Structures are given as C-alpha cells and as structure tokens.
Amino acid sequence: MSEIRVQSAGLLTTVQDLGREGFGPLGVSPSGAADAISLRIGNRLVGNAEGAAALEMTLLGGTFVFPQGAVFALAGSDFGAALDDALIPLWTSSEARPGQVLRVGPTQSGARCYLCVRGGIAVPLFLGSAATHLLSGLGGYEGRALRKGDILQIGPGHAPFRRRTLSPVALERLAPRRVLRVTAGPQSDWFSDTAQHTFYSGSYRIAEESNRMGLRLEGPPISHTSGGGGSALDPSAGEMITEGVALGAVQITAAGLPIILLVEQQTTGGYAKLANVISADFRSLGQLRPRDEIRFEQLAWDTARSLLVEQEKLLALGDLVRED
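Scoring rules and cut-offs
Residues numbered from 1 in each chain as written. Predicted model: local features only at pLDDT ≥ 70, side-chain atom pairs only at ≥ 80, totals over all residues. Heavy atoms only, no water. Helix = DSSP H or I, 4+ residues; strand = E, 2+ residues; numbered from the N terminus. Buried < 20%, exposed > 50% of the residue type's maximum accessible area, 1.4 Å probe, protein only. Lys, Arg positive; Asp, Glu negative; His and termini not counted. Charge placed at Lys NZ, Arg CZ, Asp CG, Glu CD. Axes fitted to C-alpha atoms, helices over the stretch in contact; angles between N-to-C directions. Parallel < 35°, antiparallel > 145°, perpendicular 65-115°, else oblique. Left-handed = near helix turned anticlockwise from the far one by under 90°. Contact = heavy atoms within 4.5 Å. Nonpolar A, V, L, I, M, F, W, Y, C, P; charged D, E, K, R; others polar. Pairing = 2+ DSSP bridges. Core = buried A, V, L, I, M, F, W, Y, C linked by side-chain atoms within 4.5 Å. Phe/Tyr/Trp six-rings, centres within 6.5 Å; stacked < 30°, edge-to-face > 60°. Salt bridge = Lys/Arg side-chain N within 4 Å of Asp/Glu carboxyl O.

With respect to the overall build of the protein chain
A count of helical and extended segments in the protein chain gives 5 helices and 25 strands. The C-alpha extent of the protein chain, read off along each of the three principal axes, is 65 × 40 × 30 Å. For the protein chain, buried positions account for 52% of its 324 residues. For the protein chain, the distance from the average site of its 29 positive side-chain charges to the average site of its 32 negative ones is 6 Å.

Quick word on the packing of helix α1 (residues 36-45) against helix α5 (residues 301-315)
Direction vectors running N to C along α1 and α5 enclose 15°, while the axes themselves pass 12 Å from each other. Between α1 and α5, the angle falls in the class roughly parallel. Considering only the axes of α1 and α5, their crossing is right-handed. On α5, the residues that touch Ile37, Arg40, Ile41 and Arg44 of α1 are Gln311, Glu312 and Leu315. Looking at the contact of α1 with α5, its residues break down into 3 nonpolar, 1 polar and 3 charged.

Describing unusual backbone geometry
The backbone phi angle of Leu127 is positive, close to 50°, even though this residue is not glycine. As for its position among the elements, Leu127 is in the loop between β11 (121-122) and β12 (151-154). Backbone geometry places Arg291, a non-glycine residue, at a positive phi of 80°. Its place among the elements puts Arg291 in the loop between α4 (282-286) and β24 (293-298).

Some words on the side chain of Thr63
Structurally, Thr63 can be placed in strand β4 (residues 63-66). Sequence-distant contacts of Thr63, defined by excluding residues within four places in its chain, comprise Arg5, Val6, Gln7, Ser8, Val101, Leu102 and Arg103.

Regarding the pairing of strand β1 (residues 3-8)
With 3 bridges joining them, β1 and β12 adopt antiparallel strand pairing. Residue pairing in the sheet places Ile4 in a bridge with Leu152 of β12. Pairing analysis gives 3 bridges linking β1 to β4, with the strands arranged antiparallel. When the sheet's bridge partners are listed, Val6 is paired in β4 with Phe64.

Examining the sheet that holds strand β20 (residues 249-252)
Strand order in this closed barrel of 7 strands is β14-β23-β20-β21-β16-β15-β24, and the pairing throughout is mixed. Going across the sheet, the axis of each strand differs from the next one's by a mean of 40°, ignoring polarity. Direction of pairing for β20 relative to strand β23 (residues 272-277): antiparallel, over a ladder of 4 bridges. Opposite Ile252, over in β23, you have Ala272 as the bridge partner. Lying on the sheet, helix α3 (residues 193-201) is in contact with β14 (179-184), β15 (204-206), β20, β21 (258-261), β23 and β24; it crosses β24 at an angle near 125°.

A short note on the environment of Leu288
Residue placement: Leu288 occurs in the loop between α4 and β24. Residues Leu288 and Ala54 lie 234 residues apart in sequence; the distance between their C-alpha atoms is 20 Å. Residue contacts for Leu288: discarding those within four places in its chain leaves Ala111, Arg178, Leu180, Ile206, Leu215 and Ile294.

A few points about the nonpolar core
Formed by 47 residues in total, the largest nonpolar core has its most connected members in Ile41, Phe199, Ile260, Ile294 and Phe296. Not counting residues up to four positions away in its chain, the partners in contact with Ile260 are Leu180, Met213, Gly214, Leu215, Leu217, Gly248, Ala249, Val250, Val277, Leu285, Ile294 and Phe296. Val15, Ala81, Ala130 and Tyr141 belong to the second-largest nonpolar core, a separate cluster that totals 29 residues.

What to know about the packing of aromatic side chains
In this structure the tally under the stated criterion is 5 aromatic pairs. Both rings, one in Phe66 and one in Phe72, keep their centres 5.5 Å apart while their planes meet at 15°; by these two values the pair is stacked. Summarising the burial analysis for this pair, Phe66 and Phe72 share the class buried. Through successive ring pairs, a cluster of aromatic residues spans Phe199, Tyr200, Tyr204 and Phe296.

Focus on the pattern of salt bridges
What the rule picks out here adds up to 21 salt bridges. Between Glu56 and Arg112 there is a salt bridge, and its shortest N-O distance comes to 3.6 Å. Of the two residues, Glu56 sits in strand β3 (residues 54-58) while Arg112 sits in strand β10 (residues 112-117), which places them 56 residues apart along the sequence. Note on accessibility: Glu56 and Arg112 belong to one class, buried. Between Asp292 and Arg289 there is a salt bridge, with its nearest N and O atoms 3.6 Å apart. With relative accessibility at 22%, the residue Arg289 sits in the partly exposed group. Counted as one network, the salt bridges with shared partners bring together Arg40, Arg44, Glu50 and Glu312.

Quick look at the structure:
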C-alpha cells in the first residue's frame, strides 16, 4: 500500500469521514468532517466514494510526503498549498510523483481544508467509521490528532490520473455563509419577543474557545425564563432536565450567550435551545473561525427542507466535477 508521511501536522489535523450515525443513545456523537460538503466533493475529485476517509486540517495545515506518489485534492478553505515549489489550486485533483512534498500553510479564508487522496486514508474502523472523536480518543489514527513522524496508509486505487475540477457555478452556490439560517428550537417559546429580537437582530462573534464540540459566541446576551415552555422539566426545581441535542442546536447558557453544537457535541444537554441551524448550512458552521462575525435568520421548516433538497440535487449533478 502507498503511504503518507507526516513531516509536520499543523495546528489540528485529524482523520475524518462522514461520521458514525445512530450511536447517540450510547453517548457517542457522530463526529466526522466539520465541513462534510467539502469532504464529499474532494473525494469525488480523486475518484473515491464520497464518504472515504481524508485529513481535516484546521486553521494551519501540515507538511506531507508521498513516498510512492499519490493522486490528491484539496477542498474547503484556501490554505495556500504547494507541491514542492508549485502552487496547488483548490478544488482540483493533482498528481504527486514519488517523493514529492505537499506543504499546506495557514488559512487564507475559512477554518478547515481537506486533503483527500485516491484510495482514502486506511485506518481501523470504530463503530463503522474512520472518523476521529477527539474527546473520547477513539477512531481515526490512534484516536488523536496527527503528529510529526506519523505514517498513514492509503487504500487501493490504481485508475489512471485524470485532472478534475469543481464547477465554478457549484462553488459559488455552495459558498459558506455568515448569515446562518435557523428553524425554531424546542424551547423557543421560553424566550420573550424582546429576547428573540435581540438574537435575530444582533451580531455575534465566534469565541476563541470554540472547537469541534461547539462554537461559543460573544455578543448581546439573551434572557429566558426557565420552564416557560413546559418541556422536559424537573418538577421539584422548575428547571429543564437534560435531553437529547442535535447538530446545529443553538443552546443559550445561563449567562445568556449562545453555543452552536458542532460534530463532536455532547449527545444530551440541559440548556434551552432557542434555534437550530438548518442542515443546508452545516458546511458554513465547519468553516467559521474565531473572531468571525455571524448573524441569524429564521426560516420555516418547509423552507429549510427545500433548501437541503436543493443542495443535494446540486451535489448529485453529473457535471458538478469536470474533467479537463
């Protein structure tokens, strides 16, 4: 098998695929790529199945050697990559000759860049997935972020190299958003009209403490009345008992500041949920960096579903990825 040798790992580089669904009742969140759309497209560029395991780099990329060569693509945010001394375009498949070195620098746009290689990253599966779950130390490469000196195996893939690029129209339509679209959360009726106006009219900044578990926001605090909606209450205290939470849930802490749950979120939580980011905007969550500013826009359920269907139809187009 071919391999990748890690000369430097960057700030936070992990093996990720599309995650492990269905294990929430066991306390295991899906994990997987924080920007699943980029992972899916990157894999298509190199001829893999969309869910093949790849490397997710956060804010600062690493340096990787291909001793036997490889076909690869970078997808997501622009990290200013070069193969030896030649700049490598984003959203385009490239071929590395044996011994060539890929250097991926700091972000020039969003939070995450994905290195997809033909054949995928070959690691033992945990609960059917190669995704790294950092909090529990499971999955991926030894359950952790990569380090200098790690050697990653590449799965089989021997088709002739064909240069593929992403359609410019698709790239424009899939661009990350700073105005996140949301539907009402299960405890939205706990919040007064004034509190909801504060949330939807205000601007919030991504806090430095954000990670793959969640995005902490800084901005105007939101007040709420515990127990106002009568959902999942502790009758002795009038407070909410912990309940299941979903990816994209917008929890409001006791201090009134929102937290948006990301791919390694806890599977239950006790904060009231004012809103939930729609599925079609999950990619935008994965590309938000500390100090980025965002706003929220509320949509109806039917509209949110229609936007997801539209996004999936775009991803299914035969000319989404074009051969040169």
